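Fold and geometry: a report
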Amino acid sequence: MGCYCGLEKDFNECCGAILSGKKSAQTPEELMRSRYSAYVTANAEYLVKSATKENRYSDDIPLILEFCKNVLWLKLDILHAECPVGVEQKESTGVVEFRAFYLENGEIVILHERSDFVKNDGVWEYDKGEFINSKIE
Ligand SMILES: [Zn+2]
C-alpha cells in the first residue's frame, strides 16, 4: 500500500515524514501532497501551520476537523506542477494544479484547484488556491 497522496511509497517515508517534521517539503508538489495527506489524517494543525503567515487561521481548526470527520478522501491527482524560479532558491514560488476526490453524503466531490505556493526563507508554504470548478457527480 502506498501513501495517501498516491505515491507508491510508505506513508512514513512520504507525507508522514513531512507531517511529523522529520523532513521538509522540497517542492510545491511535495507540500501539496503532504497537505492532502493532512486532510486524510485530520491533521488540522499542520494545514494551518503550512500556510503563509497571512493565511494561518488557527480559528479554522475546528472547522477543518469537522470537515475531515464528514468526508472520506478517495484520491489525489496532481495535474500540473511548476516552479519557474527554481526549487533550490531560498525565496521562490510555485503553482500546483490538482484534483482531489472525496465522498460526502454519499456523493463523490471533485475539488479542482490551482494552488499558489511560496518559499519563504527556505520553507515552502501554501499561499492561496483558486477553484477551477468543483462538481458533484
Ligand atoms: Zn505522500
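1. Topic: the coordination of the zinc ion
With distances of 2.3 to 2.4 Å, the protein atoms coordinating the zinc ion are Cys3 (SG), Cys5 (SG), Cys14 (SG) and Cys15 (SG). Taken together, the four donor atoms surrounding the zinc ion define angles of 106 to 118° at the centre, an arrangement classified as tetrahedral. One chain supplies every donor to the zinc ion, and in sequence these donors are spaced C-x1-C-x8-C-C. When its relative accessible area of 5% is taken as the criterion, Cys14 is described as buried. A relative accessible area of 1% means that Cys15 is categorised as buried.

2. Let's talk about the packing of aromatic side chains
All told, the structure shown has eight aromatic pairs when counted by the stated rule. Arranged with centres 5.5 Å apart and planes meeting at 80°, the rings of Tyr36 and Trp73 form a pair that is edge-to-face. Of this pair, Tyr36 sits in helix H2 (residues 28-40) while Trp73 is found in strand E1 (residues 71-82), placing the two residues 37 residues apart along the sequence. Like Trp73, Tyr36 is buried. Members of the aromatic cluster, connected to one another through ring pairs, are Tyr36, Tyr39, Phe67, Trp73 and Tyr102. Directly above the aromatic system of Tyr126 lies the positively charged group of Arg35, at a separation of 4.1 Å from the ring centroid. Between Lys75 and the ring centre of Phe101, over which it is positioned, the NZ or CZ distance is 4.8 Å.

3. Observations concerning a nonpolar patch on the surface
Taken together, the side chains of Leu72, Leu74 and Ile108 define a hydrophobic patch exposed on the protein surface, amounting to about 250 Å² of accessible area. Examined against the element boundaries, Leu72 turns out to sit in strand E1. Of the residues examined, Leu72 reaches a relative accessible area of 52% and is grouped as exposed.

4. Some points on the pairing of strand E3 (residues 107-120)
Pairing of strand E2 (residues 92-104) with E3 involves 13 bridges; the strand directions are antiparallel. Bridged to Ala100 within E3 is Leu111. Hairpin remark: E2 followed by E3, antiparallel, with two residues in the connecting loop; positive phi at Asn105, about 50°.

5. Re the pattern of salt bridges
The tally for this structure, following the rule as stated, stands at nine salt bridges. In this structure, Glu66 engages Lys69 in a salt bridge whose closest nitrogen and oxygen atoms are separated by 3.5 Å. A residue pair is termed a helical-turn pair when its members lie 3 or 4 positions apart in one helix, as Glu66 and Lys69 do in helix H4 (residues 61-70) at three residues. On the accessibility criterion, Glu66 (41% relative accessible area) is partly exposed. In this structure, the salt-bridge partner of Glu130 is Arg114, at a minimum N-O distance of 3.4 Å. Of the two residues, Glu130 is situated in strand E4 (residues 123-136) and Arg114 in strand E3; the sequence distance between them amounts to 16 residues.

Rules used in this analysis
Residues numbered from 1 in each chain as written. Predicted model: local features only at pLDDT ≥ 70, side-chain atom pairs only at ≥ 80, totals over all residues. Heavy atoms only, no water. Donors = N, O, S within 2.8 Å, 3.2 Å for Na, K, Ca; no water. Tetrahedral: all angles 85-135°; square planar, octahedral: opposite > 155°, others 65-115°. Buried < 20%, exposed > 50% of the residue type's maximum accessible area, 1.4 Å probe, protein only. Phe/Tyr/Trp six-rings, centres within 6.5 Å; stacked < 30°, edge-to-face > 60°. Helix = DSSP H or I, 4+ residues; strand = E, 2+ residues; numbered from the N terminus. Lys NZ or Arg CZ within 6 Å of the ring centre and 35° of its normal. Patch = residues over 30% accessible without salt bridge, like charges linked within 9 Å, V, L, I, M, F, W, Y side chains within 5 Å. Areas by Shrake-Rupley, 256 points an atom, 1.4 Å probe, with all protein chains shown as cover. Salt bridge = Lys/Arg side-chain N within 4 Å of Asp/Glu carboxyl O. Pairing = 2+ DSSP bridges.

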